[in-house]
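Listed below, chain by chain, are the residues.
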Amino acid sequence: MDPQWVYIKDFKEHIEQVVEFRGWVWNKRSSGKIAFLQLRDGTGIVQGVVEKKNFDDEAFERIRKIKMESSIILEGVVKKDERSSKNVELHVTSFKIIHEPNEDYPISKKDHGIDFLMDNRHLWIRSRRQFHILKVRNEILKAIRDFYNNNDFTLIDTPIFTGSIGESAGNTFKLEYFDYGEVYLAQTGQLYLEAAAMSLGKVYNLGPTFRSEKSKTRRHLIEFWMNEAEVAFYKHDDNIRLQEELVSFIVKRVLENANENLTELGRNIDRLQKIEVPFERLTYTDAIKFLNKKGFDIKWGEDFGADEESTIASQFEKPVFIEKYPRRAKAFYMQPDEDNPDVVLCDDLLAPEGYGEIIGASERIWEESLLIERLKEFNLPVDQYQWYIDLRKYGSVPHSGFGLGIERTVAWICGLEHIREAIPFARTLYRVYP
Ligand code: 4AD
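Scoring rules and cut-offs
Residues numbered from 1 in each chain as written. Predicted model: local features only at pLDDT ≥ 70, side-chain atom pairs only at ≥ 80, totals over all residues. Heavy atoms only, no water. Pairing = 2+ DSSP bridges. Helix = DSSP H or I, 4+ residues; strand = E, 2+ residues; numbered from the N terminus. Contact = heavy atoms within 4.5 Å. Axes fitted to C-alpha atoms, helices over the stretch in contact; angles between N-to-C directions. Near = heavy atom within 4 Å. Polar contact = N/O pair within 3.5 Å; in protein donor to acceptor, adjacent residues only side chain to side chain. Areas by Shrake-Rupley, 256 points an atom, 1.4 Å probe, with all protein chains shown as cover. Parallel < 35°, antiparallel > 145°, perpendicular 65-115°, else oblique. Buried < 20%, exposed > 50% of the residue type's maximum accessible area, 1.4 Å probe, protein only. Arc of directions from axis to C-beta. Domains from an automatic or database assignment. Buried area = accessible area lost by both parts, 1.4 Å probe. Salt bridge = Lys/Arg side-chain N within 4 Å of Asp/Glu carboxyl O. Nonpolar A, V, L, I, M, F, W, Y, C, P; charged D, E, K, R; others polar. Core = buried A, V, L, I, M, F, W, Y, C linked by side-chain atoms within 4.5 Å.

Some words on the sheet that holds strand β14 (residues 320-323)
Backbone-to-backbone hydrogen bonds pair the strands of a sheet. The strands run either parallel or antiparallel.
Thinking step 1. Taken in spatial order, the eight strands line up as β7-β11-β12-β19-β18-β17-β14-β13 in an open sheet, and their pairing is mixed. Either end of the sheet is taken by a strand with one partner, and the two such strands are β7 (154-155) and β13 (280-283).
Thinking step 2. Bridge analysis of strand β18 (residues 356-363) against strand β19 (residues 399-405) gives five bridges, and the strand direction is antiparallel. Bridge assignment links Ala361 to a residue of β19, and that residue is Phe402.
Thinking step 3. Here helix α5 (residues 190-200) sits on the sheet and contacts β7, β11 (202-210), β12 (223-232) and β19; the angle it forms with β12, its principal contact strand, is near 30 degrees.
Thinking step 4. Contacting β13 and β14, helix α9 (residues 284-293) crosses the sheet at an angle of about 80 degrees to β13.

A short note on the site of the ligand
Thinking step 1. Not every one of the 23 residues close to the ligand is listed here, only the nearest: Glu167, Gln190, Arg211, Glu228 and Glu357.
Thinking step 2. Taking Glu357, its side chain carries an N or O atom lying 2.5 Å from an oxygen atom of the ligand.
Thinking step 3. The side chain of Arg364 places a nitrogen or oxygen atom 2.9 Å from an oxygen atom of the ligand.
Thinking step 4. Bound to the protein, the ligand loses 94% of the 640 Å² it would expose on its own.

Here's the deal with the packing of α9 against helix α10 (residues 306-313)
Thinking step 1. Taken N-terminus to C-terminus, the directions of α9 and α10 make an angle of 95 degrees; their axes are 11 Å apart at the nearest point. One element, α9, and the other, α10, form an angle in the roughly perpendicular class. Residues Ala287, Phe290 and Leu291 of α9 touch α10, and the partners they reach there are Glu308, Thr311 and Ile312.

A short note on helix α11 (residues 368-377)
Thinking step 1. Within the span of α11, buried status applies to Leu370, Leu371, Arg374 and Leu375. The arc enclosing the buried residues of α11, seen along the axis, measures out at 140 degrees, which places them on a common side.
Thinking step 2. Lining the buried residues of α11 we find β15 (336-337) and α12 (386-390).

Some thoughts on the sheet that holds strand β10 (residues 181-185)
Thinking step 1. Judged by pairing direction, the sheet is antiparallel, and its three strands sit side by side in the order β8-β10-β9 without closing on themselves. Here the strands that pair on one side only, and so sit at the sheet edges, are β8 (161-162) and β9 (174-177).
Thinking step 2. In the sheet, β9 pairs with β10 via four bridges, with the strands oriented antiparallel. Among the inter-strand pairings, Tyr177 is bridged to a residue of β10, identified as Gly181.

Side note on the domain arrangement of the protein chain
Thinking step 1. We note that the domain assignment places domain 1 (4-99) and domain 2 (121-422) within the protein chain.
Thinking step 2. Here the C-alpha centre of domain 2 lies 45 Å away from the C-alpha centre of domain 1.
Thinking step 3. Facing nine residues of domain 1, the contacting portion of domain 2 comprises six residues.
Thinking step 4. For the domain 1 face of the interface with domain 2, the top three residues by lost area are Trp26, Arg40 and Gly42, together amounting to 50%.
Thinking step 5. In this structure, the connection of domain 1 to domain 2 is made through one salt bridge.
Thinking step 6. Of the charged contacts, one joins Glu69 and Arg126 as a salt bridge, the two residues approaching to 3.0 Å between their closest N and O atoms.
Thinking step 7. Applying the counting criterion to the domain 1 and domain 2 interface returns one residue pair in polar contact (both at pLDDT 80 or more).
Thinking step 8. Looking at the side of domain 1 that touches domain 2 residue by residue, the classes come out as three nonpolar, three polar and three charged.

Digging into the nonpolar core
Thinking step 1. Val136, Ile144, Tyr148, Ile250, Trp412 and Ile413 are the most contacted members of the largest nonpolar core, which totals 45 residues.
Thinking step 2. Among residues more than four places away in sequence, those in contact with Val136 are Val254, Ala258, Asn261, Leu262, Leu265, Ile413 and Cys414.
Thinking step 3. In terms of nonpolar packing, the next biggest core, distinct from the first, is built from 32 residues, Ala287, Val320, Met334 and Leu370 among them.

Topic: the pattern of salt bridges
Thinking step 1. Tallying each qualifying case throughout the model produces 36 salt bridges.
Thinking step 2. Residues Lys79 and Glu16 are paired through a salt bridge, measuring 3.5 Å at the closest nitrogen-oxygen approach. With Lys79 in strand β5 (residues 71-80) and Glu16 in the loop between β1 (4-5) and β2 (18-30), the pair connects residues that are 63 residues apart, well separated along the chain.
Thinking step 3. Judged by relative accessible area, Lys79 falls into the partly exposed class, the value being 29%.
Thinking step 4. Judged by relative accessible area, which is 52%, Glu16 ranks as exposed.
Thinking step 5. The shortest N-O distance in the salt bridge between Arg253 and Asp146 comes to 2.9 Å. Within this pair, whereas Arg253 is found in helix α6 (residues 236-257), its partner Asp146 is found in helix α4 (residues 128-150), the two being separated by 107 residues in sequence.
Thinking step 6. By relative accessible area, which is 26% here, Asp146 ends up partly exposed.
Thinking step 7. Connected through salt bridges with shared partners, the residues Arg327, Arg328, Glu373, Arg374 and Glu377 form a single ionic network.

Spelled out as structure tokens, the structure:
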């Protein structure tokens, strides 16, 4: 009987058994009598031990000289080995090479420049660090879905093509849509979630969004993933509570299920263990006062840049909410504060350790006349928003929601320097390849 195909993650349950391995040669070293193969299969890395005495000379030379990233099927006995990271090794008894490259693998251990690595992103994702980042990203996305499922939210898949600009008109991707004319790629699914919240109460989405931003920073992508939530009858404070519960749930889940990946990435786990509700709250106005004291020349009404955000966030160990921004600095749909109509009931959540804004949120305008007034103030075409205005005509209620940037969250939780590593294939100002 052929041995069973077993993934590396399950090797520990097959000690002293013969198993089949299917995967790739990640690295290797050898002496005259023994070859050590670092093997990977998508679930981990394990050492394969090939002893010359078990093979004829030709076969041993063949495997000893095998090129990096060859694909291979092996049979062998799983042995306990306290020295290896997985505490197991595979003692190879036979092998079949599926495909061996004709040339050396372009990515080696030497330091490659970032442009080279990004040009080879399709191969770079095979490397150890990228593997661990993608695993953490997966855990974050799973946690998000579980959070909403545990809390009675309904998933609403919002459209990518839209005629209604959701955020600022300045950074939309425009394209021609048959006879209809100009449409945009979604910057947000929020407006559609607002419609769905009036049917299903608590809703969320999770998908790609697009911003034609000429920003070349370590926090900006042109195509990024966002999770948005919208809840009927939620006010600003309910919205804040939902955000801190979501974010602390995500961090807790990653610590539980992807601790090994974080450790491999060299992430300081202690910092993440401190992420518990409640998070601190600071008004925009107090944040400006604080920044002025710190020597920043920023005036009330101006938006924060990366330096300002980092300076504020560095005062706290946990993420911090900055709430109630000036009306003019924010989007058209935000509900004014009753106590001070110059500010709106919104918040940005800043991640600690200099990672900056990961969430943008607000209570929404729910009164028809005020919404129309704001659309005009922002020079948006009121007729394109008739459906959105309708929501304020039929059983309108206060409602609130937010958007969490997935890649910024991944970058923070993994401790990455740059957002481009937080997504499988980054689209930045100068990159759509591969
Ligand atoms: O603050 P933003 O623009 O909010 C919205 O789009 C709202 N409509 C969301 C809502 O209330 N439903 O974006 C939300 C988050 C930001 O906090 C940031 O994390 C991320 O999306 N984000 C970006 N991430 C990477 N690259 C970019 N260019 C980003 N722009 C925003």
